[in-house]
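Each chain is listed here by its residues.
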Amino acid sequence: MTKGRTVAPEDNRKVTIAAIARLAGVSVPTVSRVINGRSDVSPQTRERVEELLTRHGYRRRPPSMRASSGLLDLVFNDLDSPWAVEIIRGVEDVAHAAGIGTVVSAIHRRTSAAKQWLDNMRSRSTEGVIFVTSTLEPPLQAELRRLNIPVVIVDPAGVPPQEAPTIGATNWAGSLRATEYLIGLGHRRIGFIAGPSQLMCSRARVDGYRAALEAAGIAVDDKLIYPGNFYHEAGFAGGTQLLQLAEPPTAIFASSDQMALGVYEAVRQRGLRVPDDISVMGFDDLPEVRWCSPPLTTVRQPLAEMGLLAARTVLRLAQGERIESPRVELATELIVRDSTAAPRA
(Lines give C-alpha, C1' and ligand atoms only; values in the text may rest on other atoms or scores of the structure.)
Protein backbone atom coordinates (compact mmCIF):
# COMPACT_ATOMS: atom_id res chain seq x y z
CA MET A 1 0.00 0.00 0.00
CA THR A 2 1.37 3.41 -0.93
CA LYS A 3 1.93 5.73 2.01
CA GLY A 4 -0.73 8.46 2.23
CA ARG A 5 -2.98 6.64 -0.29
CA THR A 6 -6.40 8.25 -0.66
CA VAL A 7 -9.19 5.98 0.45
CA ALA A 8 -11.28 4.81 -2.50
CA PRO A 9 -14.86 6.09 -2.66
CA GLU A 10 -16.27 2.65 -1.94
CA ASP A 11 -14.34 2.64 1.38
CA ASN A 12 -15.70 6.01 2.41
CA ARG A 13 -18.18 4.38 4.77
CA LYS A 14 -15.15 3.51 6.96
CA VAL A 15 -14.05 7.15 7.23
CA THR A 16 -15.92 8.72 10.15
CA ILE A 17 -15.95 12.24 11.50
CA ALA A 18 -14.71 10.80 14.82
CA ALA A 19 -11.68 9.30 13.05
CA ILE A 20 -10.87 12.61 11.36
CA ALA A 21 -11.23 14.40 14.72
CA ARG A 22 -8.77 12.02 16.37
CA LEU A 23 -6.22 12.49 13.58
CA ALA A 24 -6.60 16.29 13.72
CA GLY A 25 -6.50 16.43 17.51
CA VAL A 26 -9.78 18.32 17.67
CA SER A 27 -13.34 17.57 18.77
CA VAL A 28 -16.03 15.94 16.64
CA PRO A 29 -18.10 19.18 16.70
CA THR A 30 -15.10 21.08 15.28
CA VAL A 31 -14.87 18.70 12.32
CA SER A 32 -18.63 19.00 11.88
CA ARG A 33 -18.35 22.80 11.78
CA VAL A 34 -15.68 22.58 9.07
CA ILE A 35 -17.79 20.18 7.00
CA ASN A 36 -20.83 22.43 7.34
CA GLY A 37 -18.90 25.58 6.42
CA ARG A 38 -19.27 27.26 9.79
CA SER A 39 -17.13 30.35 10.36
CA ASP A 40 -16.30 29.77 14.05
CA VAL A 41 -13.15 27.69 13.38
CA SER A 42 -9.61 29.07 13.31
CA PRO A 43 -7.93 29.14 9.88
CA GLN A 44 -5.15 26.78 11.05
CA THR A 45 -7.62 24.22 12.39
CA ARG A 46 -9.80 24.47 9.29
CA GLU A 47 -6.79 23.89 7.02
CA ARG A 48 -5.65 20.84 9.04
CA VAL A 49 -9.13 19.29 9.04
CA GLU A 50 -9.72 20.01 5.35
CA GLU A 51 -6.38 18.38 4.47
CA LEU A 52 -7.31 15.22 6.41
CA LEU A 53 -10.79 15.09 4.87
CA THR A 54 -9.22 15.26 1.41
CA ARG A 55 -6.42 12.79 2.15
CA HIS A 56 -8.85 10.18 3.49
CA GLY A 57 -11.40 10.67 0.75
CA TYR A 58 -14.25 11.82 2.96
CA ARG A 59 -17.26 12.48 0.72
CA ARG A 60 -19.45 15.26 2.02
CA ARG A 61 -23.19 14.94 1.88
CA PRO A 62 -25.10 17.48 -0.20
CA PRO A 63 -26.20 20.44 1.97
CA SER A 64 -29.81 19.24 1.92
CA MET A 65 -28.75 15.91 3.49
CA ARG A 66 -26.45 17.20 6.22
CA ALA A 67 -27.45 16.79 9.84
CA SER A 68 -28.28 20.04 11.55
CA SER A 69 -25.27 21.41 13.44
CA GLY A 70 -25.05 23.60 16.46
CA LEU A 71 -26.56 21.84 19.47
CA LEU A 72 -25.77 21.64 23.16
CA ASP A 73 -26.81 18.58 25.15
CA LEU A 74 -27.97 19.38 28.70
CA VAL A 75 -28.42 16.23 30.77
CA PHE A 76 -30.17 16.06 34.16
CA ASN A 77 -30.88 13.11 36.39
CA ASP A 78 -34.38 14.51 36.95
CA LEU A 79 -36.33 17.49 35.65
CA ASP A 80 -38.99 17.72 38.38
CA SER A 81 -37.40 20.62 40.25
CA PRO A 82 -37.66 24.39 39.77
CA TRP A 83 -33.89 24.76 40.08
CA ALA A 84 -33.51 22.75 36.87
CA VAL A 85 -35.48 25.46 35.08
CA GLU A 86 -33.04 28.09 36.36
CA ILE A 87 -30.03 26.18 35.01
CA ILE A 88 -31.79 25.66 31.66
CA ARG A 89 -32.45 29.40 31.51
CA GLY A 90 -28.74 30.18 31.88
CA VAL A 91 -27.71 27.61 29.25
CA GLU A 92 -30.39 28.82 26.84
CA ASP A 93 -29.20 32.44 27.12
CA VAL A 94 -25.74 31.42 25.91
CA ALA A 95 -27.02 29.00 23.27
CA HIS A 96 -29.42 31.59 21.84
CA ALA A 97 -26.66 34.20 21.64
CA ALA A 98 -24.43 31.66 19.85
CA GLY A 99 -27.19 30.72 17.41
CA ILE A 100 -27.38 27.09 18.50
CA GLY A 101 -30.07 24.89 20.02
CA THR A 102 -30.32 23.05 23.33
CA VAL A 103 -31.37 19.43 23.76
CA VAL A 104 -32.57 18.77 27.33
CA SER A 105 -32.67 15.17 28.58
CA ALA A 106 -33.38 13.37 31.87
CA ILE A 107 -31.76 9.99 32.50
CA HIS A 108 -33.32 9.31 35.93
CA ARG A 109 -30.13 7.64 37.22
CA ARG A 110 -30.83 4.60 35.04
CA THR A 111 -28.14 2.91 32.95
CA SER A 112 -30.66 2.08 30.22
CA ALA A 113 -31.75 5.73 29.96
CA ALA A 114 -28.13 6.90 29.81
CA LYS A 115 -27.43 4.40 27.01
CA GLN A 116 -30.48 5.57 25.05
CA TRP A 117 -29.39 9.20 25.47
CA LEU A 118 -25.92 8.30 24.21
CA ASP A 119 -27.38 6.53 21.16
CA ASN A 120 -29.55 9.57 20.40
CA MET A 121 -26.65 11.96 20.91
CA ARG A 122 -24.46 10.11 18.38
CA SER A 123 -27.08 10.79 15.69
CA ARG A 124 -26.91 14.56 15.99
CA SER A 125 -24.18 17.17 15.69
CA THR A 126 -23.51 18.01 19.33
CA GLU A 127 -21.12 20.81 20.24
CA GLY A 128 -20.73 19.57 23.80
CA VAL A 129 -22.48 18.06 26.80
CA ILE A 130 -23.38 19.60 30.18
CA PHE A 131 -24.19 17.10 32.92
CA VAL A 132 -26.00 18.30 36.07
CA THR A 133 -25.57 16.55 39.47
CA SER A 134 -24.33 13.47 37.68
CA THR A 135 -21.76 10.73 38.07
CA LEU A 136 -20.12 9.88 34.77
CA GLU A 137 -19.79 6.12 34.68
CA PRO A 138 -16.53 4.83 33.10
CA PRO A 139 -18.18 3.44 29.91
CA LEU A 140 -19.91 6.77 29.27
CA GLN A 141 -16.70 8.69 29.96
CA ALA A 142 -14.79 6.45 27.56
CA GLU A 143 -17.32 6.85 24.74
CA LEU A 144 -17.47 10.65 25.04
CA ARG A 145 -13.68 10.73 25.08
CA ARG A 146 -13.57 8.51 21.98
CA LEU A 147 -15.95 10.89 20.20
CA ASN A 148 -13.89 13.91 21.35
CA ILE A 149 -17.04 15.60 22.63
CA PRO A 150 -16.28 18.15 25.38
CA VAL A 151 -18.02 17.75 28.74
CA VAL A 152 -18.72 20.14 31.63
CA ILE A 153 -20.31 19.04 34.91
CA VAL A 154 -22.53 21.24 37.10
CA ASP A 155 -22.61 20.21 40.79
CA PRO A 156 -20.91 16.84 40.30
CA ALA A 157 -21.89 13.78 42.29
CA GLY A 158 -18.72 12.25 43.65
CA VAL A 159 -15.25 12.99 42.31
CA PRO A 160 -15.51 14.17 38.67
CA PRO A 161 -13.20 12.96 35.89
CA GLN A 162 -9.96 14.92 35.97
CA GLU A 163 -10.37 16.17 32.40
CA ALA A 164 -13.95 17.45 32.88
CA PRO A 165 -14.34 21.06 34.09
CA THR A 166 -16.88 21.54 36.90
CA ILE A 167 -19.11 24.47 37.81
CA GLY A 168 -20.48 24.79 41.34
CA ALA A 169 -21.23 27.28 44.09
CA THR A 170 -19.64 28.07 47.44
CA ASN A 171 -21.93 25.66 49.27
CA TRP A 172 -19.79 25.33 52.39
CA ALA A 173 -19.39 29.10 52.79
CA GLY A 174 -23.11 29.70 52.14
CA SER A 175 -24.18 27.15 54.73
CA LEU A 176 -21.65 28.50 57.24
CA ARG A 177 -22.95 32.06 56.77
CA ALA A 178 -26.60 30.99 57.09
CA THR A 179 -25.96 29.06 60.31
CA GLU A 180 -23.91 31.94 61.71
CA TYR A 181 -26.84 34.25 60.99
CA LEU A 182 -29.24 32.02 62.95
CA ILE A 183 -26.77 31.82 65.82
CA GLY A 184 -26.47 35.60 65.75
CA LEU A 185 -30.25 35.85 66.19
CA GLY A 186 -29.88 33.84 69.40
CA HIS A 187 -30.70 30.30 68.20
CA ARG A 188 -28.78 27.46 69.85
CA ARG A 189 -30.84 24.43 68.79
CA ILE A 190 -30.80 24.58 65.02
CA GLY A 191 -32.22 21.66 63.04
CA PHE A 192 -30.69 20.80 59.68
CA ILE A 193 -32.31 18.89 56.80
CA ALA A 194 -29.60 17.61 54.48
CA GLY A 195 -29.63 16.80 50.79
CA PRO A 196 -28.61 13.54 49.05
CA SER A 197 -25.42 12.27 50.67
CA GLN A 198 -23.87 11.27 47.31
CA LEU A 199 -23.76 14.87 46.09
CA MET A 200 -20.68 16.93 46.88
CA CYS A 201 -22.81 20.07 47.28
CA SER A 202 -24.93 18.33 49.95
CA ARG A 203 -21.90 17.24 51.93
CA ALA A 204 -20.46 20.75 51.76
CA ARG A 205 -23.67 22.25 53.18
CA VAL A 206 -23.71 19.82 56.12
CA ASP A 207 -20.05 20.58 56.78
CA GLY A 208 -20.68 24.34 56.73
CA TYR A 209 -23.52 23.93 59.24
CA ARG A 210 -21.32 21.85 61.54
CA ALA A 211 -18.39 24.26 61.25
CA ALA A 212 -20.53 27.25 62.27
CA LEU A 213 -21.87 25.46 65.34
CA GLU A 214 -18.41 24.30 66.41
CA ALA A 215 -16.92 27.78 65.90
CA ALA A 216 -19.64 29.19 68.18
CA GLY A 217 -18.95 26.57 70.86
CA ILE A 218 -22.28 24.79 70.26
CA ALA A 219 -22.14 21.00 70.36
CA VAL A 220 -23.41 19.30 67.21
CA ASP A 221 -26.46 17.20 68.09
CA ASP A 222 -26.94 14.47 65.48
CA LYS A 223 -30.61 14.16 66.48
CA LEU A 224 -31.08 17.60 64.91
CA ILE A 225 -29.79 16.46 61.50
CA TYR A 226 -32.32 14.80 59.18
CA PRO A 227 -31.29 13.06 55.91
CA GLY A 228 -33.33 14.62 53.10
CA ASN A 229 -33.28 14.67 49.29
CA PHE A 230 -33.94 18.34 48.29
CA TYR A 231 -37.69 17.76 47.66
CA HIS A 232 -40.81 19.02 49.47
CA GLU A 233 -41.71 15.64 50.96
CA ALA A 234 -38.36 15.30 52.71
CA GLY A 235 -38.72 18.80 54.14
CA PHE A 236 -42.16 17.95 55.48
CA ALA A 237 -40.97 14.64 56.95
CA GLY A 238 -37.85 16.20 58.44
CA GLY A 239 -39.73 19.17 59.85
CA THR A 240 -42.32 16.88 61.40
CA GLN A 241 -39.67 14.69 63.04
CA LEU A 242 -37.65 17.62 64.36
CA LEU A 243 -40.71 19.34 65.81
CA GLN A 244 -41.70 16.14 67.62
CA LEU A 245 -38.44 15.98 69.59
CA ALA A 246 -38.71 16.35 73.36
CA GLU A 247 -36.57 19.47 72.97
CA PRO A 248 -37.37 20.71 69.45
CA PRO A 249 -35.19 23.19 67.59
CA THR A 250 -36.00 26.89 67.56
CA ALA A 251 -34.83 27.15 63.95
CA ILE A 252 -34.66 24.71 61.03
CA PHE A 253 -32.17 25.15 58.21
CA ALA A 254 -33.31 23.16 55.17
CA SER A 255 -30.56 22.75 52.58
CA SER A 256 -32.93 23.47 49.67
CA ASP A 257 -35.82 25.88 49.23
CA GLN A 258 -38.19 23.08 48.30
CA MET A 259 -37.48 21.31 51.59
CA ALA A 260 -37.91 24.60 53.44
CA LEU A 261 -41.40 24.92 51.96
CA GLY A 262 -42.07 21.36 53.17
CA VAL A 263 -41.03 22.51 56.65
CA TYR A 264 -43.58 25.34 56.37
CA GLU A 265 -46.34 22.75 55.98
CA ALA A 266 -45.05 20.69 58.93
CA VAL A 267 -45.08 23.84 61.06
CA ARG A 268 -48.60 24.72 59.93
CA GLN A 269 -49.96 21.25 60.67
CA ARG A 270 -48.71 21.49 64.25
CA GLY A 271 -50.57 24.75 64.73
CA LEU A 272 -47.36 26.79 64.86
CA ARG A 273 -46.26 29.87 62.95
CA VAL A 274 -43.13 30.95 61.06
CA PRO A 275 -41.16 32.80 62.42
CA ASP A 276 -43.11 33.43 65.66
CA ASP A 277 -42.68 29.88 66.93
CA ILE A 278 -39.83 28.65 64.74
CA SER A 279 -37.46 30.21 62.21
CA VAL A 280 -36.96 28.55 58.80
CA MET A 281 -33.98 28.96 56.46
CA GLY A 282 -33.63 27.63 52.90
CA PHE A 283 -30.95 27.30 50.23
CA ASP A 284 -31.22 28.18 46.48
CA ASP A 285 -33.35 31.37 46.34
CA LEU A 286 -35.82 30.00 43.80
CA PRO A 287 -38.11 32.69 42.34
CA GLU A 288 -41.23 31.49 44.21
CA VAL A 289 -39.78 31.76 47.73
CA ARG A 290 -40.02 35.52 47.77
CA TRP A 291 -43.79 35.17 47.29
CA CYS A 292 -44.53 32.48 49.90
CA SER A 293 -45.90 33.49 53.32
CA PRO A 294 -43.76 34.59 54.99
CA PRO A 295 -41.11 35.23 52.33
CA LEU A 296 -38.25 32.80 52.90
CA THR A 297 -34.82 33.70 54.25
CA THR A 298 -32.40 31.66 52.13
CA VAL A 299 -28.95 31.31 50.63
CA ARG A 300 -28.89 32.43 47.02
CA GLN A 301 -27.22 29.87 44.76
CA PRO A 302 -26.55 31.49 41.35
CA LEU A 303 -28.22 28.69 39.37
CA ALA A 304 -28.81 30.59 36.13
CA GLU A 305 -25.26 31.92 36.24
CA MET A 306 -23.96 28.38 36.77
CA GLY A 307 -25.81 27.23 33.66
CA LEU A 308 -24.54 30.24 31.73
CA LEU A 309 -20.91 29.62 32.70
CA ALA A 310 -21.21 25.90 31.96
CA ALA A 311 -22.49 26.65 28.46
CA ARG A 312 -19.77 29.21 27.79
CA THR A 313 -17.12 26.78 29.03
CA VAL A 314 -18.26 23.82 26.92
CA LEU A 315 -18.45 26.02 23.80
CA ARG A 316 -14.91 27.25 24.43
CA LEU A 317 -13.75 23.65 24.71
CA ALA A 318 -15.58 22.78 21.48
CA GLN A 319 -13.65 25.56 19.74
CA GLY A 320 -10.34 24.16 20.97
CA GLU A 321 -9.68 26.81 23.60
CA ARG A 322 -7.93 26.05 26.87
CA ILE A 323 -9.74 26.59 30.16
CA GLU A 324 -7.83 28.58 32.76
CA SER A 325 -9.48 26.98 35.80
CA PRO A 326 -11.15 23.55 35.56
CA ARG A 327 -12.88 23.92 38.95
CA VAL A 328 -15.07 27.02 39.36
CA GLU A 329 -17.25 27.93 42.36
CA LEU A 330 -19.57 30.94 42.08
CA ALA A 331 -20.34 32.93 45.20
CA THR A 332 -23.45 32.31 47.28
CA GLU A 333 -25.26 35.09 49.16
CA LEU A 334 -27.43 35.19 52.28
CA ILE A 335 -30.86 36.69 51.48
CA VAL A 336 -32.68 37.78 54.63
CA ARG A 337 -36.49 37.91 54.48
CA ASP A 338 -39.29 37.35 57.01
CA SER A 339 -39.01 33.65 57.90
CA THR A 340 -36.28 34.13 60.52
CA ALA A 341 -36.38 35.98 63.84
CA ALA A 342 -34.93 35.79 67.34
CA PRO A 343 -36.23 32.81 69.35
CA ARG A 344 -38.94 33.36 71.90
CA ALA A 345 -37.55 34.06 75.37
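Residues numbered from 1 in each chain as written. Predicted model: local features only at pLDDT ≥ 70, side-chain atom pairs only at ≥ 80, totals over all residues. Heavy atoms only, no water.

Q: A description of the overall build of the protein chain should follow, citing residues and the corresponding values.
A: The number of helices and strands found in the protein chain is 11 helices and 12 strands. Taking the principal axes of its C-alpha atoms as reference, the protein chain extends roughly 90 × 35 × 35 Å. In the protein chain, which comprises 345 residues, the proportion classed as buried is 52%. Counting contacts in the protein chain only where the partners sit at least 6 residues apart, residues at least 24 apart contribute 72% of the total. Averaging the locations of the 40 positively and 38 negatively charged side chains of the protein chain gives two centres separated by 8 Å. (Helix = DSSP H or I, 4+ residues; strand = E, 2+ residues; numbered from the N terminus. Buried < 20%, exposed > 50% of the residue type's maximum accessible area, 1.4 Å probe, protein only. Contact = heavy atoms within 4.5 Å. Lys, Arg positive; Asp, Glu negative; His and termini not counted. Charge placed at Lys NZ, Arg CZ, Asp CG, Glu CD.)

Q: Can you lay out the sheet that holds strand β11 (residues 327-330) for me, pointing to particular residues and giving the numbers?
A: An order of β2-β1-β3-β4-β5-β11 is seen for the 6 strands of this open sheet, with the pairing classed as parallel. Of all the strands in the sheet, just β2 (101-106) and β11 have a single pairing partner and so form its edges. Sheet twist, expressed as the mean angle between neighbouring strand axes with direction ignored, is 20°. (Pairing = 2+ DSSP bridges. Axes fitted to C-alpha atoms, helices over the stretch in contact; angles between N-to-C directions.)

Q: Could you give an account of the nonpolar core, with specific residues and numbers?
A: L72, I87, I130, V154, I190, I193 and F253 are the most contacted members of the largest nonpolar core, which has 67 residues in total. Those residues in contact with F253, other than ones at most four positions away along the chain, are S175, A178, T179, L182, I190, G191, F192, I193, M281, G282 and F283. Membership of the second largest hydrophobic core comes to 30 residues, among which are V26, V28, V49 and L52. (Core = buried A, V, L, I, M, F, W, Y, C linked by side-chain atoms within 4.5 Å.)

Q: Describe the sheet that holds strand β7 (residues 225-227), and please don't skip the residues or the numbers.
A: As summarised here, the arrangement of the 6 strands in space is β7-β6-β8-β9-β10-β12, forming an open sheet in which the pairing is mixed. Strands at the two margins of the open sheet, each flanked by one partner only, are β7 and β12 (333-335). Geometrically, the sheet is characterised by an average inter-axis angle of 20° between neighbouring strands, direction not taken into account. Bridge count between strand β9 (residues 279-284) and strand β10 (residues 297-300): 4 bridges; the pairing is parallel. Within the sheet, the bridge partner assigned to G282 lies in β10 and is T298. Strand contacts of helix α9 (residues 232-243): β6 (190-194), β7 and β8 (251-254), with the helix running at about 150° to β6, the strand carrying the most contacts.

Q: Please provide a residue-by-residue account of the packing of helix α5 (residues 111-122) against helix α6 (residues 138-146), values included.
A: At their nearest, the axes of α5 and α6 sit 11 Å apart, and the two run at 5° to each other. By the angle between their axes, α5 is roughly parallel relative to α6. Mapping the contact onto sequence places W117, L118, M121 and R122 in α5 and L140, E143 and L144 in α6. Taken together, the residues of the contact of α5 with α6 sort by class into 5 nonpolar, no polar and 2 charged. (Parallel < 35°, antiparallel > 145°, perpendicular 65-115°, else oblique. Nonpolar A, V, L, I, M, F, W, Y, C, P; charged D, E, K, R; others polar.)

Q: Outline the environment of P160, supporting the account with residue identities and numerical values.
A: Within the secondary structure, P160 is located in the loop between β4 (151-154) and β5 (166-169). P160 sits 26 residues away from S134 along the chain, and the two C-alpha atoms are 8.9 Å apart. Ignoring any residue separated from it by four or fewer positions in sequence, one finds P160 in contact with I153, T166, M200 and R327.

Q: For helix α1 (residues 17-24), give the residues involved together with the corresponding values.
A: When α1 is considered as a whole, its buried residues turn out to be A18, A19, I20, A21 and A24. In this structure, the buried side of α1 is in contact with α2 (28-35) and α3 (43-55). Within two residues after α1, G25 carries a phi angle of roughly 70°, on the positive side.

Q: Before we move on, can you summarise unusual backbone geometry with the specific residues and values?
A: For residues that are not glycine, phi is negative in most cases, and the peptide bond is trans in most cases. Geometrically, the link from V274 to P275 is a cis peptide bond, its omega value of 0° lying close to zero. By the element assignment, P275 lies in the loop between α10 (257-269) and β9. In this structure, P294 follows S293 across a cis peptide bond, with omega equal to -5°. In this structure, N148 is a non-glycine residue whose phi angle is positive, near 55°.

Q: So what about the pairing of β8? Which residues, and what values?
A: Neither face of β8 is exposed, since A251 and F253 on one face and I252 and A254 on the opposite face are all buried. Both β6 and β8 contribute to a ladder of 4 bridges, which runs parallel. Paired with F192 across the strands is F253, a residue of β8. As judged from the 3 bridges shared by β8 and β9, these two strands associate in the parallel manner. Across the sheet, I252 pairs through a bridge with V280, a residue of β9. Tracing the backbone out of β8, into α10 and back to the parallel element β9 gives a crossover that is right-handed. (Right-handed = clockwise from strand over helix to strand, strands pointing away.)

Q: Explain the side chain of T340 to me, and be specific about the residues and the numbers.
A: Position of T340 among the secondary structure elements: in the segment after β12. For T340, a relative accessible area of 9% puts it in the buried group. Side chain to side chain, T340 and T297 meet in a polar contact 2.9 Å long. Beyond its immediate chain neighbours, meaning those up to four positions away, T340 contacts Y181, L182, L185, P275, S279, V280 and T297. (Polar contact = N/O pair within 3.5 Å; in protein donor to acceptor, adjacent residues only side chain to side chain.)

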